[in-house]
Amino acid sequence: MDAYLAVASKRDERRYSDRPVPDDVRRRILDGGWLAGSARNRQPWRFLVVADRELKSRLAETVYAADNVRGCDFAVAILGKPGIDIGRALQNMLLVAWNDGVVSCPNGMPDPDETRRVLGLSEDEPVAILVSFGWPAKPRDPESRSAEEWSARANRKPLDEVVEYR
């Protein structure tokens, strides 16, 4: 998929099918995060994959929208201090997933320390973000429109409102 089409057509999805994501696709998603650039190549992250149904259920109770995690095939807790580098890893994972037709949704955590405790992590391993992944409940076809059409349909402020030239 063209990179601009991937960005323009990507939408967060919260409803997943029961179809499992194959291991090779899951690995590519994780590889996308691992390949992200970082300041001085520090790679300040670890990725914790949660596919166990019981753990996902307990973890779901630590995010704002529990069904996002409860219904996904797997979730990834990106461990590390929130910041630009973590954001770069996250965005890579989301786009690699979407390239393979896998949808995703970042999940906000009202109490990240509780999320960390449910995952059995020590205090020095903060959870920056929890992301749910799976096949969409309703098939999505990014190539059904051009990137420009997807962009025009996006629920965003007009570009002129967020861009300033000097």
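Higher on the page you've got the structure.
### Concerning the state of the cysteines
Here the structure, examined in full by the defined rule, presents zero disulfides. The structure places no disulfide on C72, whose sulfur is separated from the nearest cysteine sulfur, that of C105, by 10.0 Å.

### Things to note about helix 2 (residues 23–34)
For helix 2, with 12 residues, the first-to-last C-alpha span of 16 Å sits near the 16 Å given by 1.5 Å per residue. Regarding helix 2, the residues found buried are V25, R26, I29, G32 and G33. The buried residues of helix 2 occupy an angular sector of 115 degrees when projected down its axis, which confines them to one face. Residues of helix 2 that are exposed and point more than 90 degrees away from the buried face comprise D23 and R27.

### Focus: unusual backbone geometry
Positive phi is not limited to glycine here, since N41 has a value of about 55 degrees. Among the structural elements, N41 can be located in the loop between helix 2 and strand 1 (46–50). For N41, a relative accessible area of 52% corresponds to the exposed category.

### As for the environment of E125
In this fold, E125 is placed in the loop between helix 6 (112–118) and strand 4 (127–134). Once the C-alpha coordinates of E125 and P20 are considered, the two residues, 105 residues apart in sequence, prove to be 28 Å apart. If we skip the residues at most four places from it in the chain, E125 touches R46, L79 and R116.

### Concerning the nonpolar core
Across soluble globular proteins, you tend to see nonpolar side chains buried next to one another. Counting residues in hydrophobic clusters, the biggest one holds 21 residues, and the most contacted among them are L59, V69, A77, L119, V127 and L130. Residue assignment for this core shows that the elements contributing at least two residues are helix 3 (53–60), helix 4 (66–70), strand 2 (74–79), strand 3 (103–107) and strand 4. With three residues, the top contributor of residues to this core is strand 2. The residues contacting V127, other than those within four sequence positions of it, are A77, I78, L79, G80, M109, P112, T115, R116, L119 and L121. Of all hydrophobic cores here, the second largest spans 20 residues; its members include V21, W45, M93 and A97.

### Things to note about the sheet that holds strand 2
Here four strands make up an open sheet; going across it, the order is 1-2-4-3 and the pairing antiparallel. Where the open sheet ends on each side, the last strands, each with one partner, are strand 1 and strand 3. The sheet shows a mean angle of 25 degrees between the axes of neighbouring strands, taken without regard to direction. With six bridges joining them, strand 2 and strand 4 adopt antiparallel strand pairing. Bridging across to strand 4, I78 finds its partner in I129. Contacting strand 1, strand 2, strand 3 and strand 4, helix 5 (residues 84–99) crosses the sheet at an angle of about 0 degrees to strand 4.

### Looking at the packing of aromatic side chains
Tallied over the entire structure, the rule returns two aromatic pairs. With centroids separated by 6.2 Å and ring planes inclined at 10 degrees, the aromatic side chains of W45 and F47 adopt a geometry described as stacked. Relative accessible area serves as the criterion here: at 10%, W45 is assigned to the buried category. On the accessibility criterion, F47 (22% relative accessible area) is partly exposed. In this arrangement the basic side chain of R19 is found over the ring face of W135, its NZ or CZ atom lying 3.8 Å from the centre. Stacked on the ring of F74, the Lys or Arg R26 has its end atom at 4.5 Å from the ring centre.

Reading the values: the criteria
Residue numbers here run from 1 along each chain, matching the order of that chain's written sequence. pLDDT decides what is reported in this predicted model: residues at 70 or higher carry local features, side-chain atom pairs at 80 or more are listed and counted, and totals for whole chains, interfaces and linings draw on all residues regardless. With hydrogens and water excluded, all non-hydrogen atoms of the structure serve as input to the side-chain values. Pairs of cysteine sulfur atoms within 2.5 Å are identified as disulfides in what follows. By definition, any uninterrupted DSSP run of H or I lasting at least four residues is a helix, any uninterrupted run of E lasting at least two residues is a strand, and each is numbered from the N terminus. By definition here, a helix of n residues has an expected span of 1.5 Å times n minus one. Partly exposed describes any residue whose relative accessible area lies between the buried limit of under 20% and the exposed limit of over 50%, with all areas from a 1.4 Å probe on protein chains only and scaled to the type maximum. Note that the arc is defined by the directions from the helix axis to the C-beta atoms. Throughout, a contact is declared for two residues whenever any of their heavy atoms are within 4.5 Å. What is meant by a nonpolar core is a set of buried Ala, Val, Leu, Ile, Met, Phe, Trp, Tyr and Cys residues, joined one to another through side-chain atoms within 4.5 Å. Between any two strands, at least two bridges found by DSSP are needed for them to pair. The convention used is that axes are lines fitted to C-alpha atoms, helices contributing only their stretch in contact, and that angles between N-to-C directions extend from 0 to 180 degrees. Pairing of aromatic rings covers Phe, Tyr and Trp, the last through its six-membered ring, and needs centres within 6.5 Å; plane angles under 30 degrees mean stacked, over 60 mean edge-to-face, and all others mean tilted. By definition here, charges over rings are those cases where NZ of Lys or CZ of Arg is within 6 Å of the ring centre and within 35 degrees of the ring normal.

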